[in-house]
Amino acid sequence: MKKNVVKISTILIIIIIVLSSLSFTFAASDAPKVTSEAVILMDKNTEKILYEKNATEKMYPASTTKILTAILTIENVDLNENVTISENAVTSIPEGYVTADLQVGEILTVEQLLEILLLHSANDAAVALAEHVGGTVDSFISMMNTKINELGLSNTHFTNPYGRQDPNHYSTAYDMAIIMKYCMDNEEFRKIDGLASCAIPATNLHEPRMYSSSNRMIDPSDENYYPYITAGKTGFTTQAGECFISCSYKDDIELIAVVLGGEGINDPQARFSDTKSLYEYGYSNYSLKNIVDADDIVYQMQIPNATKETRNLNLIAKNSINALVNNNFQNTSLTPEVTLKTEDISAPIDEGEVLATAKYTVDGEEYEVDLVADHSVEKSQNEKLAIEIIFILIILVLLIKYFKSKKRA
């Protein structure tokens, strides 16, 4: 009997150990499998970080730099303007860097150069645009760093418009995600960077050209295709490794992924497989959850100078709040922080009038919504009558004093 108990106990212990190790394995597998040195997965809407690895470490961004060149071009010049290619744009590109074989004196539009820049990653196009927008390359670089400062990015500094290797040309995965967020707020950037290919018609000095995007995840015919990718920019130098910045959209969730310092030589597709792992992690583990619906009652109050019928007032949410949260998050115990617009709210009040705000802190992020009156509040006539009586009494007192003083005279 004792032997059987020992055997059963031993078997139970083994089962517990196996189950524990399995649960640990499952938990560990939740994290995305990435080999790149620095990565980040960010919600574009809130800048909430869903996953990061060395995201604030200074890295070389290589040609991902070109997204800033593109957005500054879009913001400062008309896309239909003609650009005449200078000798500097053609001859200043170091050997081994990608070009579009632009010719000195060749004329293209700004939009055509942007397509060549973002899809083919042509460095001669970057210099041509920098000269056209800034007057000189140096002036354009100053514009780049000014924009970087405006975005509050203290760990980024650029020395050229296309990502040429330079110890003083650096950024971080986090900073590049913020720059991509800024770029994706521009519809022209979205449109151009979301192209799988572009056709450049014949110019005054060149036959027609056709380019496919270096962002292989956007091409349905490529093995790296990911159906939710909406835009992306690749980059590579020997020192920077394989780099990729992209954006994706699925189930009303827009995410930004940055991959810097990919293996490159050992696995040329590492930046794409790392990016896919990041997105699949995000969409598998996070979802939009409703925190409050429009017209939900959030706060109740009583208006002291209102009529009996209207004095009890509900403050309702003007809009809905949907928050991106981990799928394990429970929102049943959320209590908002309500701030009244004024301490002394009094009648009359119009239906729909904004009277307060409600702030919800959800999974470390703050969300705010206006609270409005669910009905009109009328001023009490009793108060009006009391004021009128007091006014009449004051008049009577003044009249009595007046007549008394006149009688004495």
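See the structure shown above.
Rules of the game
Residues numbered from 1 in each chain as written. Predicted model: local features only at pLDDT ≥ 70, side-chain atom pairs only at ≥ 80, totals over all residues. Heavy atoms only, no water. Salt bridge = Lys/Arg side-chain N within 4 Å of Asp/Glu carboxyl O. Helix = DSSP H or I, 4+ residues; strand = E, 2+ residues; numbered from the N terminus. Buried < 20%, exposed > 50% of the residue type's maximum accessible area, 1.4 Å probe, protein only. Pairing = 2+ DSSP bridges. Axes fitted to C-alpha atoms, helices over the stretch in contact; angles between N-to-C directions. Contact = heavy atoms within 4.5 Å. Expected span 1.5 Å × (residues − 1). Parallel < 35°, antiparallel > 145°, perpendicular 65-115°, else oblique. Nonpolar A, V, L, I, M, F, W, Y, C, P; charged D, E, K, R; others polar.

Enquirer: An account of the pattern of salt bridges is needed here, citing residue identities and associated values.
Expert: Tallied over the full model, the rule gives ten salt bridges. Salt-bridge contacts for Asp363 lead to Lys48; the nearest nitrogen and oxygen are separated by 3.2 Å. One end of the pair, Asp363, is in the loop between β15 (354–362) and β16 (365–373); the other, Lys48, is in the loop between β1 (38–43) and β2 (49–53), with 315 residues separating them in the sequence. Judged by relative accessible area, Asp363 falls into the partly exposed class, the value being 35%. On the basis of relative accessible area, Lys48 is assigned to the buried category, the value being 6%. Lys359 is the partner of Glu366 in a salt bridge, and the nearest nitrogen-oxygen pair spans 3.9 Å.

Enquirer: Lay out the sheet that holds β2 in plain terms, naming residues and giving numbers.
Expert: One open sheet accounts for five strands, arranged β2-β1-β9-β8-β7; its pairing is antiparallel. In the strand order of this sheet, the two ends are held by β2 and β7 (229–237), each with one partner. The sheet shows a mean angle of 5 degrees between the axes of neighbouring strands, direction not considered. Across eight bridges, the pairing between strand β8 (residues 241–250) and strand β9 (residues 253–262) is antiparallel. By the bridge assignment for β9, Ser246 is matched with Ala257. Lying on the sheet, helix α9 (residues 270–285) is in contact with β1, β2, β7, β8 and β9; it crosses β9 at an angle near 145 degrees.

Enquirer: Before we move on, could you go through α9 and cite the residues and values that matter?
Expert: The terminal C-alpha atoms of α9, which comprises 16 residues, lie 22 Å apart, in line with the 22 Å expected from a rise of 1.5 Å per residue. Regarding α9, the residues found buried are Ala270, Arg271, Phe272, Asp274, Thr275, Leu278, Tyr279, Tyr281, Gly282, Tyr283 and Asn285.

Enquirer: Would you mind going over the sheet that holds strand β12 (residues 312–317) in detail, with residue names and values included?
Expert: An order of β11-β12-β16-β15-β14 is seen for the five strands of this open sheet, with the pairing classed as antiparallel. Only two strands of the sheet have a single partner each, and these edge strands are β11 (297–302) and β14 (337–340). Averaged over all adjacent pairs, the angle separating strand axes in this sheet is 30 degrees, with direction ignored. In terms of strand pairing, β11 meets β12 through five bridges, oriented antiparallel. Within the sheet, the bridge partner assigned to Gln302 lies in β12 and is Asn312.

Enquirer: How would you summarise the packing of helix α5 (residues 123–134) against helix α6 (residues 137–150) if you had to cite specific residues and measurements?
Expert: One can describe the packing of α5 onto α6 by two numbers: an axis separation of 8 Å at closest approach and a directional angle of 85 degrees. When the axis of α5 is compared with that of α6, the two are roughly perpendicular. For the pair α5 and α6, contact is made by Val127, Ala130, Glu131, Val133 and Gly134 and by Val137, Ser139, Phe140 and Met143, respectively. Its residues assigned to classes, the contact of α5 with α6 shows six nonpolar, two polar and one charged.

Read these as layout, nothing more, since geometry by itself doesn't imply function.
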